Amino acid sequence: MTDKTPSPSTPKLPPSLAANPMLSSWIRFSPEGHVAVSPGKVEIGQGIVTALAQIAADELDVELARVQMVPASTAGSPNEGVTSGSLSVQQSGRALRHACAEIRQIFLATAAERLGVETDVLDISDGTISGPGNVSISYWELAREVSLDRHASPGAVPKASTQRTLAGNSVQRLDIPDKVFAHPRFIHDTPLPGMLHGRVLRSELSGATLVELKEDGARTIAGLVAIVRDGDFTGVVSETEAGAELALSALRKSAKWSSRATLPDEDGLAEWLKAQPAELTVIASKRASSPPEKTRTIRRQYTRPYIAHGSIAPSCAMAQWNGDRVRVWTHSQGVYLLRADLALVLKIPVENITVEHMEGAGCYGHNAADDVALDAVLLAKAAGSRPVRVQWSRADEMSHAPFGAAMTIEIEANLDAQDEIVDWRHSIWSNGHTARPGRADLPALLAATELAKPFPRAIATNPSQASGGGADRNSVPLYDFPSWQIESHRLTTMPIRTSALRTLGAQGNVFAIESFLDELATERGENLVEFRLRHLSDRRAQDVIRAVAKRAGWKPARRDGTGYGLGFARYKNTGAYCAVIAEVESAQDVRVKRLTIAVDVGEAINPDGVINQIEGGAIQATSWVLKERVRFDRQRITSNSWTEYPILRFSEVPEVQVEVMARPDLAPVGAGEAAHGPVTAAIANAVFDALGVRLRNLPITRERLIAAMELSS
Amino acid sequence: MPNIRFRLNGVETDIDADPDTPLLAILRGELGLTGAHFGCGAGECGACNVIVGDHAITACDTPLWSVADKDVTTIEGLGNAQRPHPLQRAFIAEQALQCGYCVSGILMSAAALLKRNPDPTDTDVRTALDRNLCRCGSHNRMVRAVLRAAAEIRAR
C-alpha cells in the first residue's frame, strides 16, 4: 500500500494548508461557543461541508452542532482553487484535519498554563478542557486570549482513526433540513435589499452577431431601468423579474442576428473529430523488454456525444457596484478563479472585486455559473449602486453553457498465439475537457467574447496527467499489459463550447477499455471476473471486483432478454476504486434493472454521504448512457429543453446497491466521480450479454440497438 | 388590474395582477415565497410544483386566473421545522437529496399522491414523481422516503 497517510516522522504540511498557512483563515472560535470553519471548497450538493465539519469537530473534540460552516469568499477564505475532481476531502479535509490538530495542541498548552497542570493530564470534551480535580476551561473562554493569526507548522499529528468519533460514521447532512423546509439557502431564493433584475439577450444561433435591434418596444415596459449594450452583449435591467422578462422578450422580437459559425454534422461526429486540426500528446508509453510476438490485431472504435450538465436550476448570480469596486454573489465552483477572470474582463485589480459563494443546484462541472456572474457584473454597471440579480433561461442553459466534450476513442491490441494481450494502443480525439476561469490569460466567460472589444474564445485544454488528465483521464490501463502507447489528440478548433463535466474523459475511456476487455475475454471464453483479476496486481482493485462479484452472485444465470455486465476503474488511477455489475432487461428499450457496486474511497468520512454520491453518480451515468446526447444542426444547438434533451425519470431509475469497503486507515478520496465510467461500461457489457451485440457508440438508444441487431443478423 | 382571490396555505389571499401572470411569478415575486423553484418555465421539470385542490401542478405555466377561488398549497404550507410534515421528516431520515433544488417540487408531488393514495406501492410513487426531474440521482432515496412517510401516516 503506497498511499497511507504520511507518517509523522516526515513532517510536511498538506498542500492546501501550505498554500494557506494562516490558522485563523480556517478556524475561529466565538466566545458564544461556536467554531467557525472556513474551507475554500464549496457545497454543490455533494455534502462536502458536512464531511469537513465532521473532520474539524472530531479533531477539536467539539459537538458537530457547534460547528458553523462559512461559505467561501475572496474576502478571507483560504484559496483552494476549484471545487472539482473529487478532491475536496483530499485537499480541504487534510488541511483542516492538520490545522485543527495543531489548534487543539495550542489550546491545550494555553489551558495547561492557565490551570497549572501538564497538557497530558488534560482532556477535551465538547470544547471544554478539563484536568484532575475538576479544573476546567473552554475554547470559548480562551478564544480572546489565543491568537490563531499564526502560520501552521508541520508536525502536528492528527488523531488515529480509532480515536475519531465522528469521521467514519454516517451523520445527517447539515444543509438538508433547510432544503426540505425550503428555508432560503439557494442563491436563487435570497434577494438583496433594493435588488433589481437583469436578463441577457442571446441568440439561439451559435456564435451570432447582432445585426439589428430596436429598443422602442422594451422601453415601454413598466419598471425598465436600463437597456445595456456593449457590442453583441445586450441585456435589460428592471425593477421586477417579470418586467425584465417582458423587456427581454420585446428586444428578442426585434433582434436580427447573423452567424458565421458552422457546427459539425451531428451524424458524422466521430469522423469529424478525427479530421480536425489537433495537438497530439503521448500520454504514456511502455515497451516490453522483449519484442512481443503478435499473431493478430483487434481494433475497435468507441464514441461518446457532447453531454449537457443539465443543472435543474438555471445559472444565477448577483452583483453590486460601489464606485470602482464590485461585490459578486455566485454559485461558481471557484470564487478566486472567477475573480481573476472578472478582473481580466473589467481591467481592474482583483482587490476591487469580492466574490462570495452561495449555494446553487448541483452543477456537475463547469456550467454557466461563472458566465452569469459576468453578466450580472456588466448589467449592474447600469444600476448605480443597486444589486442586480441575473438568471439564465432554460434554453440558454442548455445551449450556451459549456458541454462535456464528445470523444472518439480507438483501441487496438496485439494478441499472441494464446490470444493474450501483448501490446495495447489507445487513441483519443476530442476537444479539451476544461476551459475553466482563472487559469489562463484569456477570460473563460461567455460575455467576454460578446463585448464591443471582445476577447477571443478560449479553446478548451486538458489538465496534465499529474493533475488527473483531461480527455486522457483514465486512459492509461490499470491492467498489467506488457506494452502500451496512449495518445490524445486535442482539437484546436472548438465550434461547440466544451469544458469540465463530471469525470472529464474518464467516462469515455473506461467505457472503451472495459468494453474492449469484455469482448476479448468473451472471445476467449474466459470468466470476465477472473480475466480482469489476473491482469490486476493492485490488491485494492482486486478486492472491489471480488466484493461486487460476490454481492451480485456473479455470474447469475441469464434469462431471456436479461444480461449482466461488469465494469471497473480506479478514478484517475489515483482515486476511488469502483466495480459495478449491471443487470439489464431488453425488450424494445434497454432498461437497467439493478446496479450492484463496490467502492473503496479509503477512509469514508461520512459513509452514508459516500453511498449517496455513488448512488447519484450511478444513476446520472445511467441517464448519460441510455438517453443523453446534445443535439445540433449546422447553426444551433437544438436540444435546448428537457423535451429535446431527456434525462432518466423516476420510473426508469435502476435499483442501486452500494458496498463501501472498510479502509479507515487509508487516505480518504472523493466519491463523486468514481461510478460514472464503471457504470457506463457495465451497462454496455450487460447489453451484449442480453442481446449478443456490442454497442460502441453512446448513448445506447433503441434506434442504435435495432441498427446493431440488424447488422449482426 | 383585476383582483384575483385564492386560498394560499389556508389563508385568503388577494392579488392585483395581470390574470395571465404565471402563478410561480406571483408566489416568488409579490408574495416572497421562494420554496417553489424556477427550473424551466415550461412545465417540464416540476421544480415549481405546488398543490392546487388535490393535484400537484407546475406553477411556472399555470396562469393566475386559473387558481381563482381555489386552494393552493406550497412547500411553505406543507410543514416547517417545528411542525414537519411526515414527508419532510422522512426526507431528512433517508437523507433523500443531494443538491435539493428539485426537492420542494418533489415533496409537493408526493404530498398530493399521499392525499389520493395513502398506501402507495414503489411503482405508484415512481409514477407519481415521473414528471419531476432530479439530476443528482437521489431518486431511490426519495422513493424510500415517500414510502416511509406513507407508513407513518397510516400508523397514526
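Parameters at a glance
Residues numbered from 1 in each chain as written. Chains lettered and ligands numbered in written order. Predicted model: local features only at pLDDT ≥ 70, side-chain atom pairs only at ≥ 80, totals over all residues. Helix = DSSP H or I, 4+ residues; strand = E, 2+ residues; numbered from the N terminus. Rg over C-alpha atoms; globule rule 2.2 N^0.38 Å. Buried ≥ 20, exposed ≤ 12 C-beta atoms within 10 Å, placed from the backbone. Contact = placed C-beta atoms within 7 Å. Domains from an automatic or database assignment. Nonpolar A, V, L, I, M, F, W, Y, C, P; charged D, E, K, R; others polar. Expected span 1.5 Å × (residues − 1). Pairing = 2+ DSSP bridges. Axes fitted to C-alpha atoms, helices over the stretch in contact; angles between N-to-C directions. Core = buried A, V, L, I, M, F, W, Y, C linked by C-beta atoms within 7 Å. pLDDT = per-residue confidence, 0-100. Left-handed = near helix turned anticlockwise from the far one by under 90°. Parallel < 35°, antiparallel > 145°, perpendicular 65-115°, else oblique.

A.B. asks: An account of the overall build of chain B is requested, with residue identities and associated values reported.
C.D. replies: The helix and strand inventory of chain B stands at six helices and five strands. The N-to-C order of helical and strand elements in chain B reads β-β-α-β-β-β-α-α-α-α-α. Taking 15 Å as the expected radius of gyration for a compact globule of 156 residues, we find that chain B reaches 15 Å, a close match to that expectation. Overall, chain B is about 45 × 35 × 25 Å in size when its C-alpha atoms are taken along their principal axes. Here chain B holds 156 residues, and the buried ones make up 57% of them.

A.B. asks: Just give me the short version of the overall build of chain A, but keep the residues and values in it.
C.D. replies: A tally of regular secondary structure across chain A gives 17 helices and 24 strands. Taking 2.2 N^0.38 as the reference for a compact globule, 713 residues should give roughly 27 Å; the C-alpha atoms of chain A span a radius of gyration of 27 Å, in line with that estimate. For chain A, the C-alpha atoms occupy an extent of roughly 80 × 75 × 45 Å along the three principal directions. The long-range fraction of contacts in chain A, counting pairs at least 24 apart against all pairs at least 6 apart in sequence, stands at 79%.

A.B. asks: Tell me about the domain arrangement of chain A, residues and numbers included.
C.D. replies: Residues and elements named next belong to chain A. Under the domain assignment used here, chain A contains domain 1 (15-179), domain 2 (187-259 + 312-398) and domain 3 (505-713). Using only C-alpha atoms to locate each centre, domain 1 and domain 3 end up separated by 38 Å. Contacts between domain 1 and domain 3 engage 18 residues on the former and 19 residues on the latter. Contributing elements (two or more residues each) for the side of domain 1 that touches domain 3: helix H2 (48-60) and helix H3 (88-115). Classifying every residue of the side of domain 1 that touches domain 3 by side-chain character gives six nonpolar, 11 polar and one charged.

A.B. asks: I'd like to hear about the interface of chain B and chain A, residue by residue, with values.
C.D. replies: Across the boundary between the two partners, chain B contributes 41 residues, which contact 44 residues of chain A. Of all the elements in the fold, those that place two or more residues in the side of chain B that touches chain A are helix H2 (75-78), helix H3 (86-93), helix H4 (103-116), helix H5 (122-128) and helix H6 (139-155) of chain B. Sorting elements by how many residues they give to the side of chain B that touches chain A places H3(B) first, with three residues. In terms of residue class, the side of chain B that touches chain A is made up of 18 nonpolar, 18 polar and five charged.

A.B. asks: Please set out helix H10 (residues 369-380) of chain A residue by residue, giving values where relevant.
C.D. replies: All names here are of chain A. With 12 residues, H10 should cover 16 Å at 1.5 Å per step; its first-to-last C-alpha distance of 17 Å lies within 8% of that length. Where burial is concerned, most of H10 is hidden: 12 out of the 12 residues are buried. Of the residues making up H10, those classed as buried are Ala-369, Asp-370, Asp-371, Val-372, Ala-373, Leu-374, Asp-375, Ala-376, Val-377, Leu-378, Leu-379 and Ala-380.

A.B. asks: Give a detailed account of the pairing of strand E20 (residues 484-491) of chain A, specifying residues and quantitative values.
C.D. replies: All names here are of chain A. When strand E12 (residues 278-286) meets E20, the two strands line up antiparallel, connected through eight bridges. Counted as the bridge partner of Ser-285 is Gln-485 from E20. Inspection of the sheet shows strand E19 (residues 421-430) paired to E20 by seven bridges, in the parallel sense. Counted as the bridge partner of Ser-430 is Arg-490 from E20.

A.B. asks: Run through the sheet that holds strand E6 (residues 135-138) of chain A, naming residues and quoting values.
C.D. replies: All names here are of chain A. In spatial order, the strands read E4-E5-E6; together these three strands make up an open sheet with antiparallel pairing. Looking at the sheet topology across the chains shown, the edges are occupied by strand E4 (123-125) and E6. For this sheet, the mean angle separating the axes of adjacent strands, direction not counted, is 25°. Where E4 meets strand E5 (residues 128-131), three bridges bridge the pair, whose relative direction is antiparallel. Directly across from Ser-125, in E5, lies its bridge partner Thr-128.

A.B. asks: Talk me through the domain arrangement of chain B; I want residue IDs and the actual numbers.
C.D. replies: Residues and elements named next belong to chain B. What the domain assignment reports for chain B is domain 1 (3-77) and domain 2 (79-155). Each of domain 1 and domain 2 was reduced to a C-alpha centroid, and the two centroids are 20 Å apart. Residue-level contacts link 14 residues of domain 1 with 14 residues of domain 2. Elements supplying a minimum of two residues to the side of domain 1 that touches domain 2: strand E3 (49-52) and strand E4 (55-58). Of the residues forming the side of domain 1 that touches domain 2, the biggest block, three residues, is contributed by E3. Among the residues forming the side of domain 1 that touches domain 2, the class breakdown is eight nonpolar, five polar and one charged.

A.B. asks: Quick rundown of the nonpolar core? Include the residues and the values.
C.D. replies: Judged by nonpolar contacts, the single largest core of 269 residues is most densely connected at Ala56(A), Ala376(A), Cys578(A), Ile597(A) and Val599(A). Sequence-distant contacts of Ile597(A), defined by excluding residues within four places in its chain, comprise Val548(A), Cys578(A), Val580(A), Ile614(A), Ala618(A), Val656(A), Gln657(A), Val658(A), Glu659(A) and Ala675(A).

A.B. asks: Before we move on, can you summarise the confidence of the model for chain B with the specific residues and values?
C.D. replies: Scored by pLDDT, chain B comes out at a mean of 97, with 100% of its residues at no less than 70. The complex model carries a pTM of 0.96, and its ipTM stands at 0.98.

A.B. asks: Explain the environment of Ala145(B) to me, using residue names and the numbers behind them.
C.D. replies: Residue and element names in this part refer to chain B. Within the secondary structure, Ala-145 is located in helix H6. For Ala-145, a count of 29 C-beta atoms within 10 Å translates into the label buried. Note: C-alpha distance between Ala-145 and Ala-93 (52 residues apart in sequence) is 7.6 Å.

A.B. asks: Summarise the packing of helix H12 (residues 506-524) of chain A against helix H16 (residues 676-691) of chain A; cite the residues concerned and give the values.
C.D. replies: Residues and elements named next belong to chain A. Relative orientation of the contacting elements H12 and H16 amounts to 35°, with a least axis distance of 8 Å. The two elements H12 and H16 cross, and the hand of that crossing is right-handed. Across the interface between the two elements, Ala-506, Gln-507, Val-510, Phe-511, Glu-514, Ser-515 and Asp-518 from H12 touch His-676, Gly-677, Pro-678, Thr-680, Ala-681, Ala-684, Asn-685 and Phe-688 from H16. By residue class, the composition of the contact of H12 with H16 is seven nonpolar, six polar and two charged.

A.B. asks: Which residues make up H3(B), and what values go with them?
C.D. replies: Residue and element names in this part refer to chain B. Of all eight residues in H3, six are buried, a share of seventy percent or more. Taken together, the buried positions of H3 are Pro-86, Leu-87, Gln-88, Ala-90, Phe-91 and Ile-92. Where H3 terminates, the next one or two residues include Gln-95, which has phi positive at roughly 50°.

A.B. asks: I'd like a description of the packing of helix H15 (residues 607-627) of chain A against H16(A), backed by residues and values.
C.D. replies: Residues and elements named next belong to chain A. At a minimum axis distance of 8 Å, the contact between H15 and H16 shows a crossing angle of 50°. With respect to their mutual orientation, H15 and H16 come out oblique. Regarding H15 and H16, the two cross each other, and that crossing is right-handed. Of the residues in H16, those touching H15 at Gly-617, Ala-618, Ala-621, Thr-622, Trp-624 and Val-625 are His-676, Val-679, Thr-680 and Ile-683. Grouping the constituent residues of the contact of H15 with H16 by class yields six nonpolar, four polar and no charged.

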